[in-house]
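One letter stands for each residue in the lines below.
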Amino acid sequence: MRLSRFPLATTKETPSDAEIISHQLMLRAGFIRKLGAGLYTWLPIGLRVLKKVENIVREEMDRAGALEVLMPTIQPGELWKESGRWDVMGYEMLRFKDRHKNDFCYAPTAEEVITFHVRQDIRSYRQLPINYYQIQTKFRDERRPRFGLMRGREFLMKDAYSFHMDAEDLSREYYNMREAYIRVFTRVGAAFRAVKADSGNIGGALSEEFHILANSGEDLLAVAEGGTYAANVEAAECKPTGKRAAASAALEKVSTPGQKTCDQVSKFLNVPLTGKVKLLVVHAAEGQPHALIGIALRGDHQLNEVKASKHPKVKSPFKMATPEEVQAAFGCETGYLGPIKCPIPVIADHAAFEVADFVCGANENDHHLKGANWGRDAEEPETADLRAIVEGDASPDGVGVIKFYRGIEGGHVFQLGKKYSKAMNLTVLDEKGQAVTPEMGCYGIGVSRLVAAVLEQSNDAGGMIWPDAIAPFRVIVCPIGMDKSEAVKAAAEKLYADLNAAGIETALDDRGARPGSMFADADLIGIPHRVVIGDKSLATAQFEYKSRKAEKAEMIPASLEAVLEK
Ligand code: ATP
Ligand code: MG
Ligand code: MG
Ligand code: MG
């Protein structure tokens with residue numbers, strides 16, 4: 001690709017509304033553009049990465065024996081009523097009616113639709129097992145779309161659904177998919193962990209998530225060092241200990257809404273506070289304290305007296321209140337909560353304790369307390385990834401010591417059992433002609449999220465660092481003074497043509513930019529290999545080569561072979 005024909009929309013400035021590095025870099029490098037909350041357009045260079053990830057997922061699903069299908073993104077509400085999920089999906093499911101007043105939804109997932117098709121097409125045990133997958137857009141009206149593609153509302157998911165005559169065969173396919181996932185996550189270049197997971201509203205017994213380890217991850221993982229135990233804390237048997245336990249205990253103590261003295265709270269929060277502080281507990285369900293809101297009250301701008309647990313907004317089950325909700329719950333003026341950025345002054349359950357670098361409210365502008373933490377040292381772990389953040393007890397299985405990591409859920413495999421097949425009356429005839437309700441498995445990968453997640457692990461001050469397998473281009477050829485030197489122009493054109501002919505996707509920076517800005521762009525978009533061609537090096541029959549990961553460039557012979565060796 002000639003960059004002159006492929007305009008790069010790169011910027012130096014960090015977009016102010018992007019909180020995490022992957023989101024910032026994807027905006028800066030012109031990979032994506034925001035259309036609305038949780039809605040993003042993929043620009044040409046970004047789309048190349050998305051397609052690479054998609055193809056790796058496709059290759060591994062095909063290799064594992066799954067069959068690709070493509071189902072509509074618009075689904076009849078009738079099917080969701082059959083499964084019983086129409087009423088439990090809540091606001092995450094986008095619903096609408098057609099001109100005949102029939103209910104529809106935009107697919108958040110597709111268990112119902114695939115079960116409908118299998119019910120029509122699969123009659124005999126001879127046709128099972130079968131595993132159908134698709135790579136298709138999903139929409140979930142997330143309460144808090146954020147972090148760009150990490151938690152979008154519209155996103156690309158690979159979803160697979162398998163059907164089996166018995167639980168044993170389901171288990172076989174589950175491990176087959178698990179292996180395929182390990183290959184996918186390895187091939188995209190992610191450092192990941194498979195962990196025991198909570199099944200959420202999809203249902204079913206056994207389930208595991210594949211997490212990309214990164215401090216920006218929204219999930220907390222309990223992983224045994226020196227053992228094999230690993231679980232999302234949502235599903236972990238191990239209870240937090242040490243500082244974490246102290247924090248939980250403190251939460252218990254203050255879990256009655258009301259005012260506490262500043263000293264008590266200050267001690268608990270480990271941040272200096274002045275004036276009075278109001279603490280409110282948010283209940284996930286009746287009698288289950290779920291989150292604690294701390295508001296510093298100052299001067300005569302006292303906040304309205306609101307008993308959070310009695311407030312209708314706060315009573316409804318939610319994990320993290322949005323600024324709007326906090327505002328509604330506290331009845332404060334608009335201007336007041338404006339400066340509060342997410343993570344907002346809500347500390348959720350144990351799972352969120354370590355995220356807690358929150359901004360604590362104050363009722364005056366510029367008096368917000370930033371970086372408040374519950375029961376842990378204020379400083380962040382140094383490295384962006386892979387560092388255990390808290391040490392815990394012995395592993396529940398007795399092998400190893402638990403450490404807690406943050407993770408980004410990139411994939412999820414489930415043994416669903418008969419939940420959907422039973423609810424939707426799917427039966428298949430066995431050898432004896434008896435109707436049997438098949439066992440089901442389902443397996444998801446967040447394809448667009450995976451692009452962002454890999455980037456969270458793979459970047460530096462210069463920008464993105466793409467692993468070869470998913471880079472938008474493998475090599476970038478940067479000619480210096482191409483317009484002035486025929487020799488440079490000829491050598492660059494030849495190398496560019498030869499590399500592409502050899503099957504190496506290559507970009508030629510023929511925009512006539514100065515070397516500095518040419519290199520800065522190549523670094524920002526994260527091309528793994530850079531070849532610089534100039535009159536000076538050509539004089540000694542050499543190219544300058546630099547790996548995106550290396551600190552320094554090196555000289556190599558001016559030949560295709562020498563470049564290919566890299
Ligand atoms: P999360 O816990 O992050 O909300 P989930 O458990 O609701 O994810 P699943 O129903 O397991 O998601 O969907 C399969 C995969 O789809 C997830 O593992 C994740 O990678 C991806 N995914 C889910 N929600 C989103 C989203 N809002 N934006 C991007 N990817 C998503
Ligand atoms: Mg979700
Ligand atoms: Mg999840
Ligand atoms: Mg999940």
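Residues numbered from 1 in each chain as written. Chains lettered and ligands numbered in written order. Predicted model: local features only at pLDDT ≥ 70, side-chain atom pairs only at ≥ 80, totals over all residues.

**Some remarks on the overall build of the protein chain**
Formally: What counts as a helix is a DSSP run of H or I of at least four residues, what counts as a strand is a run of E of at least two, and both are numbered from the N terminus. Three classes are used. A residue is buried when 20 or more other C-beta atoms lie within 10 Å of its own, exposed when 12 or fewer do, and partly exposed in between, with C-beta atoms placed from the backbone. Note that contacts rest on C-beta atoms placed from the backbone: two residues are in contact if these are within 7 Å.
Of the regular secondary structure elements, the protein chain holds 17 helices and 30 strands. Sorting the 566 residues of the protein chain into buried and exposed places 42% on the buried side. In the protein chain, once contacts between residues fewer than 6 apart in sequence are set aside, the share between residues at least 24 apart is 67%.

**Let's talk about the site of ligand 1**
For the record, the criterion: For each residue, a C-beta atom is placed from the backbone, and the residue is labelled near a molecule or strand when this atom is within 6 Å of it.
Around ligand 1, a shell composed of 17 residues is seen, among which Phe 155, His 412, Gly 444, Gly 446 and Arg 449 lie nearest. Put simply, the parts of the chain that give the shell around ligand 1 at least two residues each are strand S8 (154-164), strand S20 (401-417), strand S23 (439-446) and helix H13 (447-457). At 4 residues, S20 tops the list of elements feeding residues into the shell around ligand 1.

**Quick look at the packing of helix H2 (residues 44-63) against H13**
Rule in force here: Throughout, an axis means a line fitted to C-alpha atoms (over the contacting stretch in the case of helices), and angles, computed between N-to-C directions, take values from 0 to 180 degrees. What sets the label is the angle itself: under 35 degrees gives roughly parallel, over 145 gives roughly antiparallel, 65 to 115 gives roughly perpendicular, and the rest give oblique. For a crossing to be left-handed, the near helix must be turned anticlockwise from the far one by less than a right angle; the clockwise case is right-handed. Gly falls in the polar group here, along with every residue not listed as nonpolar (Ala, Val, Leu, Ile, Met, Phe, Trp, Tyr, Cys, Pro) or charged (Asp, Glu, Lys, Arg).
The interhelical angle for the contact between H2 and H13, taken along N-to-C directions, is 115°, at an axis separation of 9 Å. Looking at the two axes, H2 sits roughly perpendicular to H13. Remark: the crossing between H2 and H13 carries right-handed chirality. Contacts from Val 49, Leu 50, Val 53, Glu 54 and Val 57 in H2 reach Val 447, Ser 448, Leu 450 and Val 451 in H13. Its residues assigned to classes, the contact of H2 with H13 comprises 7 nonpolar, 1 polar and 1 charged.

**What about the confidence of the model for the protein chain?**
So the rule is basically this: Each residue carries a pLDDT value, the predictor's own confidence for that position, ranging from 0 to 100.
Here the protein chain averages 77 in pLDDT, while 71% of its residues score no lower than 70. Considering only residues more than four positions removed or in separate chains, one finds that residues 240-323, a stretch of pLDDT under 50, has 160 contacts. Confidence over residues 325-389 falls short of pLDDT 50; this stretch has 146 contacts with residues more than four positions distant or in other chains.

**Notes on the packing of helix H1 (residues 21-28) against H13**
For any two helices packed against each other, the geometry is given by the interaxial angle and the distance between the axes. Running from amino to carboxyl end, H1 crosses H13 at an angle of 105°, the nearest separation of the two axes being 8 Å. When the axis of H1 is compared with that of H13, the two are roughly perpendicular. In this structure, H1 contributes Ile 21, Ser 22, His 23, Leu 25 and Met 26 to the contact, and H13 contributes Ala 452, Leu 455 and Glu 456. The residue inventory of the contact of H1 with H13, partitioned by class, reads 5 nonpolar, 2 polar and 1 charged.

**Describing the environment of Gly 38**
Summarising the element assignment, Gly 38 is placed in the loop between strand S1 (32-36) and strand S2 (39-42). In this structure Gly 38 comes out as buried when scored by C-beta crowding, with 21 C-beta atoms within 10 Å. The spatial distance from the C-alpha of Gly 38 to the C-alpha of Asp 141 is 8.5 Å, given a sequence separation of 103 residues. Here Gly 38 is in contact with Glu 142, Pro 145, Gly 152, Arg 153 and Glu 154, once residues within four sequence places are set aside.

**What to know about the pairing of strand S30 (residues 554-557)**
The condition is simple: Only strands joined by at least two bridges in the DSSP assignment are considered to pair.
Where strand S29 (residues 542-547) and S30 come together, 4 bridges link them in antiparallel fashion. For Glu 544, the partnering residue across the bridge sits in S30 and is Met 555. Hairpin remark: S29 followed by S30, antiparallel, with 6 residues in the connecting loop.

**Here we look at the pairing of S29**
Sheet topology note: the strand S28 (residues 529-533)/S29 ladder contains 4 bridges and is antiparallel. Its bridge partner being in S29, His 529 is matched across the sheet by Ser 547.

**Topic: the nonpolar core**
In plain terms, the rule: The term nonpolar core means buried Ala, Val, Leu, Ile, Met, Phe, Trp, Tyr and Cys residues held together as one set by C-beta atoms within 7 Å.
Membership of the largest hydrophobic core comes to 112 residues, with the highest contact counts inside it found for Val 53, Val 477 and Val 531. Excluding its chain neighbours within four sequence positions, the residues that come into contact with Val 53 are Val 188, Val 447, Leu 450, Val 451 and Ile 470. Core analysis: the next-biggest nonpolar cluster, separate from the first, contains 5 residues, Leu 79, Trp 80, Met 93 and Phe 116 among them.

**Comments concerning helix H15 (residues 515-524)**
All of the buried residues along H15 are Met 518, Asp 521, Ala 522, Asp 523 and Leu 524. Contacts from the buried residues of H15 go to H1, strand S25 (463-464), strand S26 (475-479) and S28. Downstream of H15 by one or two residues, Gly 526 has phi in the positive range, about 75°.

**Some words on the sheet that holds strand S6 (residues 103-106)**
The antiparallel open sheet is built from 3 strands, whose spatial order is S4-S6-S5. The open sheet has two edge strands, strand S4 (74-76) and strand S5 (95-97), and neither has a second partner. On average, adjacent strands in this sheet sit at an angle of 35° to one another, irrespective of strand direction. Inspection of the sheet shows S4 paired to S6 by 3 bridges, in the antiparallel sense. Within S6, the position partnered with Pro 76 by the bridge is Phe 104.

**Brief notes about helix H4 (residues 111-121)**
Every buried residue belonging to H4 is among Glu 111, Glu 112, Ile 114, Thr 115, Phe 116 and Val 118, and all of these are buried. Those residues of H4 that are buried are in contact with S4, helix H3 (77-83), strand S7 (130-139), S8, helix H12 (419-423) and S23.

**Re the sheet that holds S29**
Sheet strands line up and pair through hydrogen bonds in the backbone, either parallel or antiparallel. Strand order in this open sheet of 5 strands is S27-S26-S28-S29-S30, and the pairing throughout is mixed. For this open sheet the edge positions go to strand S27 (506-508) and S30, each flanked by a neighbour on one side alone. This sheet shows a mean twist of 30° between the axes of neighbouring strands, independent of strand direction. In the packing of helix H14 (residues 486-501) onto the sheet, the strands contacted are S26, S27 and S28, and the crossing angle to S26 comes to about 170°.

**Things to note about unusual backbone geometry**
In this structure, Pro 129 follows Leu 128 across a cis peptide bond, with omega equal to 0°. Structurally, Pro 129 can be placed in the loop between H4 and S7. Even without glycine at this site, Lys 101 takes up a positive phi of about 70°. Mapped onto the fold, Lys 101 is located in the loop between S5 and S6. Even without glycine at this site, Phe 147 takes up a positive phi of about 60°.

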